[in-house]
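# Fold and geometry: a report
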Amino acid sequence: FLPAGIAPAALAGGAVLPPAPGFVRLEVRGKELRVEYGPGAPMTAWVPAARFPMGRTAGSGLTPMHEREICALEADLFEVTVTQYAEFLARGAEAHAGCHEWEPKGKSHLPANGDFQRAQAEPLQPVTGIDWFDAFAYAAWRGRRLPTEAEWERLARKGDAPYPWGDAPDVWNR
């Protein structure tokens, strides 16, 4: 399980999917891509192990650029939908079985945006208003986990470019 927005970056970063039953083979710009199919398929990508530059260059005020290595991992291609999250909420106590040990006692996993019932009218939209503890519990319920900081940064980048959109720091003022 990986949160929203990782598919284009992961695929641009050279993601490939391993062969498995229930996958279909596609070719995208010369790269083999296998996509899981079937009702409720999570649509995942296999991201190979890699070394990559993590952080930012000097003067950015962020962690200095340094080399990191991540192991191969499987990542969801799409955001968790309102329907998927509603199914998690409907599980009640079962949904709380995977809560993080530091989660505040008695925490509800209802989205904080106040009107989840109205959001259910748009069942294929991404769920919003959840925090890290909610995402952690949802991922555990699905038998998955959240990415580490290094995994997230690798997935969010366009290959080795310093920004998800490429090499330029400011695309708006070109």
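Definitions and cut-offs
Residues numbered from 1 in each chain as written. Predicted model: local features only at pLDDT ≥ 70, side-chain atom pairs only at ≥ 80, totals over all residues. Heavy atoms only, no water. Salt bridge = Lys/Arg side-chain N within 4 Å of Asp/Glu carboxyl O. Helix = DSSP H or I, 4+ residues; strand = E, 2+ residues; numbered from the N terminus. Phe/Tyr/Trp six-rings, centres within 6.5 Å; stacked < 30°, edge-to-face > 60°. Buried < 20%, exposed > 50% of the residue type's maximum accessible area, 1.4 Å probe, protein only. Core = buried A, V, L, I, M, F, W, Y, C linked by side-chain atoms within 4.5 Å. Contact = heavy atoms within 4.5 Å. Axes fitted to C-alpha atoms, helices over the stretch in contact; angles between N-to-C directions. Parallel < 35°, antiparallel > 145°, perpendicular 65-115°, else oblique. Nonpolar A, V, L, I, M, F, W, Y, C, P; charged D, E, K, R; others polar.

As a further point, take the pattern of salt bridges. As a working rule, side chains carrying opposite charge can pair if their charged atoms are close by. Evaluation of the coordinates by the stated rule reveals nine salt bridges. Where Lys107 meets Asp131, a salt bridge forms, and the shortest distance between an N and an O atom there is 3.2 Å. Taken together, the residues Lys107 in the loop between α3 (93–96) and α4 (116–119) and Asp131 in the loop between α4 and α5 (132–141) connect sequence positions 24 residues apart. Here the residues in one salt-bridge network are Glu74, Asp76, Arg142 and Arg144, joined through shared partners.

In this section: the packing of aromatic side chains. Following the criterion strictly, the structure yields seven aromatic pairs and no others. Arranged with centres 5.5 Å apart and planes meeting at 80°, the rings of Phe88 and Tyr138 form a pair that is edge-to-face. Highlighted residues: Phe88 in helix α2 (residues 82–90) and Tyr138 in helix α5, separated in sequence by 50 residues. Per residue, the accessibility class of Phe88 equals that of Tyr138, and both read buried. Three or more aromatic residues joined by ring pairs form one cluster here, namely Tyr85, Phe88, Tyr138 and Trp141.

Okay, the nonpolar core next. Nonpolar side chains in soluble globular proteins generally cluster together in the buried interior. The biggest cluster of nonpolar side chains holds ten residues, and these are Val80, Val82, Tyr85, Ala86, Phe88, Ala95, Phe116, Val127, Ala137 and Tyr138. Counting residues per element, the ones that place at least two in this core are α2 and α5. Tallying contributions element by element places α2 first for this core, with four residues. For Val127, the residues in contact, after removing those within four places along its chain, are Val80, Thr81, Val82, Tyr85, Pro111 and Phe116. Val47, Met54, Leu73 and Ala150 belong to the second-largest nonpolar core, a separate cluster that totals eight residues.

Once that is clear, we can look at the packing of α2 against α5. Running from N to C, α2 and α5 cross one another at 80°; their axes reach a closest spacing of 11 Å. It follows that α2 is roughly perpendicular to α5 by the angle criterion. The residues of α5 that touch α2, namely those facing Gln84, Tyr85, Glu87 and Phe88, are Asp134, Ala137, Tyr138 and Trp141. Considering only residue class, the contact of α2 with α5 consists of five nonpolar, one polar and two charged.

None of the figures reported here should be taken as evidence of function without further support.
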